[in-house]
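The chain contents come next:
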Amino acid sequence: MSSNPEIHEKLDEIYTEPEAIAFFNKLVFSLCLQLIVLAKRESGELTAEEADRMYKKPSEKMLLEPYGISYLQYRALKEGKGTGPVMMTFKRVVERNGYDFDKLYYSEELIDMALEKLSDIRKQKQTLNAMKAKLTSS
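The paragraphs below set out a description of the structure included in this document. (Residues numbered from 1 in each chain as written. Predicted model: local features only at pLDDT ≥ 70, side-chain atom pairs only at ≥ 80, totals over all residues. Heavy atoms only, no water.)

1. What to know about the overall build of the protein
Each helix and strand counted, the protein has eight helices and zero strands in total. The secondary structure elements of the protein, listed N-terminal to C-terminal, are α-α-α-α-α-α-α-α. Here the C-alpha atoms of the protein give a radius of gyration of 18 Å, more than 25% beyond the 14 Å that 2.2 N^0.38 yields for 138 residues. Within the protein, the proportion of its 138 residues that are buried is 36%. Partitioning the intrachain contacts of the protein with sequence separation of at least 6 by distance along the chain shows that 65% fall at a separation of at least 24. Carbon together with sulfur atoms contributes 53% to the accessible area of the protein, which is approximately 8,800 Å² in total. The averaged location of the 22 negative side-chain charges in the protein is 7 Å from the averaged location of its 21 positive side-chain charges. (Helix = DSSP H or I, 4+ residues; strand = E, 2+ residues; numbered from the N terminus. Rg over C-alpha atoms; globule rule 2.2 N^0.38 Å. Buried < 20%, exposed > 50% of the residue type's maximum accessible area, 1.4 Å probe, protein only. Contact = heavy atoms within 4.5 Å. Areas by Shrake-Rupley, 256 points an atom, 1.4 Å probe, with all protein chains shown as cover. Lys, Arg positive; Asp, Glu negative; His and termini not counted. Charge placed at Lys NZ, Arg CZ, Asp CG, Glu CD.)

As structure tokens, then:
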């Protein structure tokens, strides 16, 4: 967990826009799956070929169902709509595989990417609103 007020302010900003939240969650949860694949490769649970294939297109079923998380539950987490118990289970899965979920979640790089997306979303909305105003005033 981060006690850095700047990180929390950035996250607060991201959480003002559902599309930015979805983008951020997708970054975090997709990275977590890729890291789980790497951990399984390093432990010998996956061959190099399986790991390469899963790294590009992870099988949520294979990676998460053994821990009690279904594809639909994972998808809900990525969309920011997951439940607390599923989130805590996912967090433990990441940590069981040798990675610190909080360190990923509070990563400045991922947060900054989501802020860039938020900026793009706002610019697009401003442009659309300006165009709408022009069209309705004519």
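We are not done yet, so read on.
2. Digging into the side chain of Thr 89
Summarising the element assignment, Thr 89 is placed in helix H6 (residues 84–96). With residues near it in sequence (within four places) discarded, Thr 89 still touches Tyr 67 and Ile 69.

3. Side note on the pattern of salt bridges
With the rule as written, the count across this model stands at eight salt bridges. Where Lys 10 meets Glu 108, a salt bridge forms, and the shortest distance between an N and an O atom there is 4.0 Å. A residue pair is termed long-range when its members are at least 10 positions apart, and Lys 10 in helix H1 (residues 5–14) and Glu 108 in helix H8 (residues 108–137) qualify at 98 residues. With its nearest N and O atoms 2.5 Å apart, the salt bridge here joins Arg 122 to Glu 13. One end of the pair, Arg 122, is in helix H8; the other, Glu 13, is in helix H1, and 109 residues separate them in sequence. Take Glu 13: its relative accessible area is 31%, and that puts it in the partly exposed class. Through salt bridges with shared partners, a single network forms among Glu 6, Lys 10, Glu 108 and Asp 112. (Salt bridge = Lys/Arg side-chain N within 4 Å of Asp/Glu carboxyl O.)

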